Amino acid sequence: MTAKKRILLLTTGGTIASVPGGEGLEPRRSEVMERELEQLRTYYDISVKDVICLDSSNIRPEEWQLIARRIAEAKSGYDGIVLSHGTDTMAYTAGALSFMLRNLDIPLIMTGSQLPLLHPLSDGVENIRVAFTAVCEDIQGVYVCFNRKIMLATRVVKVRTMNFDAFESVNIEPCGRVDARGLRINRQLLIHPTNAFALEDELCKEVVLIKLIPGMNPLLFDKLAEMDIRGIVIEAFGAGGINFVRRDLISKLEEIVARGISVVVCSQCLYEYSDFSIYQTGQKVLQHGV
């Protein structure tokens with residue numbers, strides 16, 4: 001008889017663990033989660049550890065550090081880890097953990113739900129079951145499991161607020177899907193670590209994201225510099241355009257770079273790629289050290 005996979009469930013709160021409170025849904029462990037896990041223990045050897053209990057809107061880089069350290073400490077004792085997390089910032093945490101848990105040699109499957117497990121129509125039950133199933137698929141690295149899809153953590157974006165199909169994998173297909181044949185994995189899309197695992201848990205928190213809008217005041221960047229910001233990510237127009245007529249943002253960014261602040265520009269368009277070589281507005285950005 002095949003031994004059961006040893007799986008660690010780390011909980012962080014979120015909708016999946018929420019119950020009604022005086023001011024709306026509040027994250028809290030409930031007996032519903034325990035009942036579901038008891039059924040899954042027929043198939044898996046499950047341990048549970050609570051890391052934090054927060055609505056994911058309250059999760060910050062400090063929590064990423066705590067979660068990453070817990071995973072690094074525990075990973076050698078398990079075949080895989082399932083991390084339950086709120087959906088609002090799940091994509092941010094997933095992306096961060098992908099780089100903090102470099103060359104992770106076991107599967108870390110993140111999941112959650114749009115409806116609490118207490119609700120009779122909750123999507124959480126299915127998401128948890130698929131996540132545990134994914135651990136058994138001989139995969140490595142960090143993934144998000146949601147709505148019968150397994151997606152690379154670095155490609156996941158939350159695109160819907162109410163629909164159960166809340167997340168999409170941007171510019172790459174999900175690496176796993178559930179259909180009438182079970183969970184089917186596209187192994188060509190999986191992560192394949194080539195070096196030893198390393199925990200990289202030191203983070204620079206002084207980084208901001210700016211979405212460019214027509215008419216943005218260039219003085220905004222002076223104010224950011226005064227705040228000792230160390231990095232700026234700019235979501236530019238189209239394939240990578242930044243305006244320089246009348247309100248010259250490009251010259252202002254040159255000043256910012258000269259002050260030792262890292263500036264990275266990408267497209268605010270969700271799909272396809274950036275190419276700063278196509279237009280003058282993009283080439284000027286590259287010429288100024290961005």
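Our structure's up above, just so we're on the same page.
Residues numbered from 1 in each chain as written. Predicted model: local features only at pLDDT ≥ 70, side-chain atom pairs only at ≥ 80, totals over all residues. Heavy atoms only, no water.

Details of the overall build of the protein chain
Here comes step 1: Helices and strands together make up the secondary structure of the protein chain, namely 7 helices and 17 strands.
Here comes step 2: Against the globule reference of 19 Å for 290 residues, the protein chain gives a C-alpha radius of gyration of 21 Å, in line with a compact fold.
Here comes step 3: Along the first, second and third principal axes, the C-alpha atoms of the protein chain reach 70 × 50 × 35 Å.
Here comes step 4: Burial analysis of the protein chain (290 residues in total) assigns 44% to the buried set. (Helix = DSSP H or I, 4+ residues; strand = E, 2+ residues; numbered from the N terminus. Rg over C-alpha atoms; globule rule 2.2 N^0.38 Å. Buried < 20%, exposed > 50% of the residue type's maximum accessible area, 1.4 Å probe, protein only.)

Describing the sheet that holds strand E16 (residues 231-236)
Here comes step 1: Spatially, the 3 strands line up as an open sheet ordered E15-E16-E17, and their pairing is parallel. On the outer flanks of this sheet lie strand E15 (207-211) and strand E17 (262-267), each paired with one strand and no other. The average angle at which neighbouring strand axes cross in this sheet is 20 degrees, direction not considered. (Pairing = 2+ DSSP bridges. Axes fitted to C-alpha atoms, helices over the stretch in contact; angles between N-to-C directions.)

Side note on the packing of helix H5 (residues 219-226) against helix H6 (residues 249-258)
Here comes step 1: One can describe the packing of H5 onto H6 by two numbers: an axis separation of 9 Å at closest approach and a directional angle of 15 degrees. Of the possible angle classes, the one that applies to H5 and H6 is roughly parallel. Note on packing geometry: the crossing formed by H5 with H6 is right-handed. Between H5 and H6, the residues in contact are Phe-221, Asp-222 and Ala-225 and Leu-249, Lys-252, Leu-253, Glu-255 and Ile-256, respectively.
Here comes step 2: Its residues assigned to classes, the contact of H5 with H6 comprises 5 nonpolar, no polar and 3 charged. (Parallel < 35°, antiparallel > 145°, perpendicular 65-115°, else oblique. Left-handed = near helix turned anticlockwise from the far one by under 90°. Contact = heavy atoms within 4.5 Å. Nonpolar A, V, L, I, M, F, W, Y, C, P; charged D, E, K, R; others polar.)

Concerning the nonpolar core
In globular proteins that are soluble, nonpolar side chains generally tend to be buried together.
Here comes step 1: Counting 32 residues, the largest nonpolar core has Ile-71, Leu-97, Leu-108 and Phe-167 as the members making the most contacts within it.
Here comes step 2: Of all elements in the fold, only strand E1 (5-13), strand E4 (44-54), helix H2 (61-74), strand E5 (80-84), helix H3 (90-100), strand E7 (107-111) and strand E8 (141-146) reach the threshold of two or more residues within this core.
Here comes step 3: For this core, the element with the most residues is H3, which contributes 6 residues.
Here comes step 4: Setting aside chain neighbours within four positions, we find Ile-71 in contact with Leu-10, Ile-81, Leu-97, Leu-101 and Leu-108. (Core = buried A, V, L, I, M, F, W, Y, C linked by side-chain atoms within 4.5 Å.)

As for the pairing of strand E13 (residues 182-185)
Here comes step 1: With 4 bridges connecting them, strand E12 (residues 176-179) and E13 associate as antiparallel partners. For Gly-176, the partnering residue across the bridge sits in E13 and is Ile-185.
Here comes step 2: Two successive antiparallel strands, E12 and E13, enclose a turn made up of 2 residues.

Some points on the state of the cysteines
Here comes step 1: Taken as a whole and judged by the stated rule, the model has 0 disulfides.
Here comes step 2: Looking at the unpaired Cys-145, the closest cysteine sulfur is the one in Cys-175, lying at 10 Å. (Disulfide = S-S within 2.5 Å.)

Any link to function would need more than the numbers given here.
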